[in-house]
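Tertiary structure, described
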Amino acid sequence: MPDWSLLPEELLQLISKNLEDYCFDVVHARSVCTLWRSLFPFPSSLLRPSYSLPSFAKFPRKSKGFCTLKKVPLFLFRVRAPHADASEYFLGGIGRDDDHIELPSPLQCSVKVKIPDSDPLINMLDCQVLALGHQYRIIGCNPKYYKGVAFLPLNKFGGGGEFVVLLNYTKYLLVLRSTEMRWMLLEIPSYGSCSDLITFRGRFYAAFSNHDIFAIDPYSLEATPLMPSEALLDCGSVNDLVPSGNDELFLVEKIIPRTGVIYLGRLTLRVSRLDEEAGKWVEVSEIGDRLLVIGNLGNVCCSAKELPDGCGLTGNSIVFTHGRKVTYSYKYGVHTGREEDDLNCWRYSRDKCVTILSTSPVVALRVETAKP
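The name that an unreviewed UniProt entry assigns to the protein is F-box-like domain superfamily, with the source organism given as Arabidopsis suecica.

Next comes the structure, spelled out in structure tokens:
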């Protein structure tokens, strides 16, 4: 094997310059040896910028101390499974290994997991990695009723570094502007509690337990209601918002019958995309090559085109990672063998079994062919 550490520094500098736009190629290069580690800057896209904010733990009373808002890049890691007919995935952020730790072959980036009989530190160099965007998390202040946070920069007129933060806190939405640095109650005309809070194309979107959904302008903080799809008869729903980059925003409704016995395996979904111009949701029967993952660590979307054939996860499907330990992906028009079941909906597709191995600090999944 050639000794890559003996390459001239001039050539290494040229390699480094040509890898600037490929963050994980840079990570791989930094893992060759200590010299390469020192010459290849750590990718800025993998850094975690943070903001110091006032604590909200005793709102509406003023709280002492501060909390940290941190931007966390999210990725889907496909790792080698112990069995040929199964694939394993980790979904979450990555941890940068300490620059001061001297290892024979530095890890550079790792995934920390909590799975019985498994190494708690997975080297992501052995993984296929798909970028899923990022999310914001509150660090150092975790009161009982905190449910999530969303962040938007205010750059309407260019520059300035100003921002606004929305916080899902118990039955309320709290807002903080960087120009004032204090938490205030955001008045929303809904009697439900906020169940989901995301950003999409420069606006906040909040879903509520009574099925209200609002688009919130970050400058005026004005909340605009979005028209729902056709009303569900004799049914309730649990709603999730899933952005697909800046291309589409999807609403996934898990339909809950109000009468009779509820069989989790027979629950159906309704999926809609946002028509921004009309300000309403439009029901869809397909989502293209997208895979939607809903549950722990938030809701994300990735392109199944980047996954190899036979890996278990496919496009035009939805996977939930909370609730049941063993589950299946949802697809549209699944034949169940029961004449009374409607084909015009999303339901369990039992061809692949999804086992939730862990949900913290990352979501770990094993996908394998379901047993007959």
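1. Notes on helix H2 (residues 23-30)
In terms of burial, H2 is largely enclosed, as 6 of its 8 residues are buried. Taken together, the buried positions of H2 are occupied by Cys 23, Phe 24, Val 26, Val 27, Ala 29 and Arg 30.

2. Here we look at the packing of aromatic side chains
Under the criterion given, the structure shown has 15 aromatic pairs. Between Phe 56 and Tyr 169, the aromatic rings sit 5.5 Å apart at their centres with planes inclined by 80 degrees, giving edge-to-face as the arrangement. Linking Phe 56 in the loop between strand E1 (50-54) and strand E2 (66-79) with Tyr 169 in strand E9 (residues 162-169), this pair joins segments that are 113 residues apart in sequence. For Phe 56, a relative accessible area of 1% gives the class buried. A relative accessible area of 7% places Tyr 169 in the buried class.

3. Examining the sheet that holds strand E12 (residues 194-200)
Strand order in the open sheet formed by 4 strands is E12-E13-E14-E15, and the pairing between neighbours is antiparallel. Two strands lie at the open edges of the sheet, namely E12 and strand E15 (223-225), each paired on one side alone. The sheet shows a mean angle of 25 degrees between the axes of neighbouring strands, taken without regard to direction. Where E12 and strand E13 (residues 203-208) come together, 6 bridges link them in antiparallel fashion. Within E13, the position partnered with Thr 199 by the bridge is Phe 204.

4. Quick look at the sheet that holds strand E11 (residues 183-186)
Spatial strand order, E8-E9-E10-E11: 4 strands in an open sheet with antiparallel pairing. For this open sheet the edge positions go to strand E8 (146-154) and E11, each flanked by a neighbour on one side alone. Taking each pair of neighbouring strands and ignoring which way they run, the sheet shows an average axis angle of 25 degrees. By the bridge criterion, 4 bridges tie strand E10 (residues 172-177) to E11 in an arrangement that is antiparallel. Directly across from Leu 174, in E11, lies its bridge partner Leu 185.

5. Section: unusual backbone geometry
Phi at Arg 201 is positive, roughly 50 degrees, even though this residue is not glycine. Tracing the backbone through its elements, the reader meets Arg 201 in the loop between E12 and E13.

6. With respect to the pattern of salt bridges
If you walk through the whole model with that rule in mind, you get 5 salt bridges. Glu 276 is the salt-bridge partner of Arg 201, the closest N and O atoms lying 2.5 Å from each other. Placement of the pair is Arg 201 in the loop between E12 and E13 and Glu 276 in the loop between strand E18 (268-275) and strand E19 (280-283), with a sequence separation of 75 residues. Under the relative-accessibility criterion, Arg 201 is labelled partly exposed at 42%. For Glu 276, a relative accessible area of 30% gives the class partly exposed. For Lys 331, the salt bridge identified is with Asp 351, shortest N-O distance 4.0 Å. Residue Lys 331 is located in strand E23 (residues 326-332), and its partner Asp 351 is located in strand E24 (residues 346-358); the two are separated by 20 residues in the primary sequence.

7. Remarks on the side chain of Arg 347
Of note, Arg 347 is situated in strand E24. No salt bridge is formed by the buried Arg 347; the nearest opposite charge belongs to Asp 341, separated by 4.1 Å. Polar side-chain contacts of Arg 347 include one of 3.1 Å to the backbone oxygen of Asp 342.

How each quantity is defined
- Residues numbered from 1 in each chain as written.
- Predicted model: local features only at pLDDT ≥ 70, side-chain atom pairs only at ≥ 80, totals over all residues.
- Heavy atoms only, no water.
- Buried < 20%, exposed > 50% of the residue type's maximum accessible area, 1.4 Å probe, protein only.
- Helix = DSSP H or I, 4+ residues; strand = E, 2+ residues; numbered from the N terminus.
- Phe/Tyr/Trp six-rings, centres within 6.5 Å; stacked < 30°, edge-to-face > 60°.
- Pairing = 2+ DSSP bridges.
- Axes fitted to C-alpha atoms, helices over the stretch in contact; angles between N-to-C directions.
- Salt bridge = Lys/Arg side-chain N within 4 Å of Asp/Glu carboxyl O.
- Lys, Arg positive; Asp, Glu negative; His and termini not counted.
- Polar contact = N/O pair within 3.5 Å; in protein donor to acceptor, adjacent residues only side chain to side chain.

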